[in-house]
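Listed below, chain by chain, are the residues.
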Amino acid sequence: MKIAFLGGGNMASALIGGLIAKGTDPRSISVVEMSPAARDKLGERHKVHLSSAPDAETQHADVLVLAVKPQDMQRALAPLSGFSREKLVVSVAAGITLKSLTRWLDGHRKIVRCMPNTPALIGAGITGLFASPEVGKNEREKAETILRAVGDVVWMPEERLLDPVTAVSASGPAYVFWFIEQLAASAVKLGIPKDAALKMAKQTVLGSAMLASQSAESPETLRKNVTSKGGTTEAALKVFDEAKLAEHFARAVAAASKRGEEMGREFGGD
Ligand SMILES: NC(=O)c1ccc[n+]([C@@H]2O[C@H](COP(=O)([O-])OP(=O)(O)OC[C@H]3O[C@@H](n4cnc5c(N)ncnc54)[C@H](OP(=O)(O)O)[C@@H]3O)[C@@H](O)[C@H]2O)c1
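So, a few notes on the structure that sits alongside this text. Because the structure is a prediction, the values reported are computed rather than measured.

### Quick word on the overall build of the chain
When helices and strands are tallied, the chain shows twelve helices and eight strands. In terms of overall dimensions, the chain has a C-alpha envelope of 70 × 40 × 35 Å along the principal axes. Looking at the chain residue by residue over its 270 residues, the buried ones come to 38%. Considering only contacts within the chain whose residues lie at least 6 apart along the sequence, 60% involve residues at least 24 apart. Summed over its atoms, the accessible surface of the chain is roughly 15200 Å², and 58% of this surface lies on carbon and sulfur atoms.

Okay, structure coming up:
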């Protein structure tokens, strides 16, 4: 499978690094990247074909991966309106709808929209995907192969669910980083030295996430297992409940989802 990337920034680099690590021949990858600095950086790391504008390698690729920022997408796609309609297009751009991509690609319909997240940079991502009805089983597998190079994948049954996916897993790492910051800051307030506080907060999140992921028990059961009646954890969770933290959290995630929807309209003109 020959893969062309449009945009060679952070997400494209993560995908290219993951694909090559999993055995893809770098010579089957081409990248269109406008920025000379980003091109040099990619060229130093991988022996892929690089160009500053779409060329024959781009047009001959089996799959075109769209990895420019949402606000740059319309302009970046203008020279690609002739890309064969029989080939697969995979977009990782936040918020840009299939409708906008089809319009900017002059009627192209074989498109998979994906929403990866930043842990993809270390191969530990999770990507939500949605395929247009014109995408066949083999093509879904091609899209999956590309995104599996940087982590796990989950298919969504409806395109509109990519906004909640953005709110949950793409913005999600920021919620977790915020939690680490707060846990460490609370530890410092209680007298634990700063370095030790941060180390404990990070490892607590990492260890708990690994336990939740590997255990047969649900996160709810794991939480209950830690919460003895009249104990320390119960005292903390009681404060969360009194502050209606669960309600605030749900509102925060819903706000992120709504913003994703609005951004789709802003950048896509839908
Ligand atoms: N990073 C993430 O964690 C993440 C997660 C989910 C989804 N995404 C999506 O992934 C996409 C890329 O994000 P990113 O973080 O990788 O951005 P990025 O690092 O800014 O990479 C995009 C690259 O594309 C270049 N570019 C802009 N216009 C171009 C054009 N017409 N032709 C060729 N190259 C062009 C940019 O150059 P200049 O800098 O010179 O403009 C930049 O180097 C976005 O749509 C984003 O929504 C990213």
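### Description of the sheet that holds strand E8 (residues 151–155)
Ordered in space as E3-E2-E1-E4-E5-E6-E7-E8, the eight strands form an open sheet in which the pairing is mixed. What marks the edges here is a single partner per strand, and that holds for strand E3 (49–51) and E8. Across the sheet, the mean angle from the axis of one strand to that of its neighbour is 20°, orientation sign disregarded. The sheet contact formed by strand E4 (residues 63–66) and strand E5 (residues 88–91) spans four bridges and is parallel. Looking across to E5, one finds that Leu-66 is bridged to Ser-91. Seen against the sheet, helix H7 (residues 162–170) touches strand E6 (111–115) and strand E7 (125–131) and runs at an angle of roughly 175° to E7.

### Some words on the pattern of salt bridges
Summed over all chains, the structure comprises 16 salt bridges. Here Arg-148 makes a salt bridge to Asp-152, at a shortest N to O gap of 3.1 Å. Arg-148 sits in the partly exposed class, given a relative accessible area of 36%. A salt bridge links Arg-259 to Glu-262, with the shortest nitrogen-to-oxygen separation between them at 3.0 Å. One end of the pair is Arg-259 and the other is Glu-262, both in helix H12 (residues 245–268) and three residues apart, which spans about a single turn. Overall, the relative accessible area of 34% leaves Arg-259 in the partly exposed class.

### Here we look at the nonpolar core
Ranked by internal contacts, the top residues of the largest apolar core, which has 30 residues, are Phe-5, Leu-15, Val-90 and Val-112. For this core, the elements supplying multiple residues, two or more each, are strand E1 (3–6), helix H1 (10–21), strand E2 (29–32), E4, E5, E6, E7 and helix H6 (137–148). Ranked by residues supplied to this core, first place goes to H1 with six residues. Core analysis: the second largest hydrophobic core is formed by 24 residues, Ala-61, Leu-66, Trp-104 and Leu-162 among them.

About the cut-offs
Residues numbered from 1 in each chain as written. Predicted model: local features only at pLDDT ≥ 70, side-chain atom pairs only at ≥ 80, totals over all residues. Heavy atoms only, no water. Helix = DSSP H or I, 4+ residues; strand = E, 2+ residues; numbered from the N terminus. Buried < 20%, exposed > 50% of the residue type's maximum accessible area, 1.4 Å probe, protein only. Contact = heavy atoms within 4.5 Å. Areas by Shrake-Rupley, 256 points an atom, 1.4 Å probe, with all protein chains shown as cover. Pairing = 2+ DSSP bridges. Axes fitted to C-alpha atoms, helices over the stretch in contact; angles between N-to-C directions. Salt bridge = Lys/Arg side-chain N within 4 Å of Asp/Glu carboxyl O. Core = buried A, V, L, I, M, F, W, Y, C linked by side-chain atoms within 4.5 Å.

Everything listed here is a matter of geometry and, on its own, says nothing about what the molecule does.
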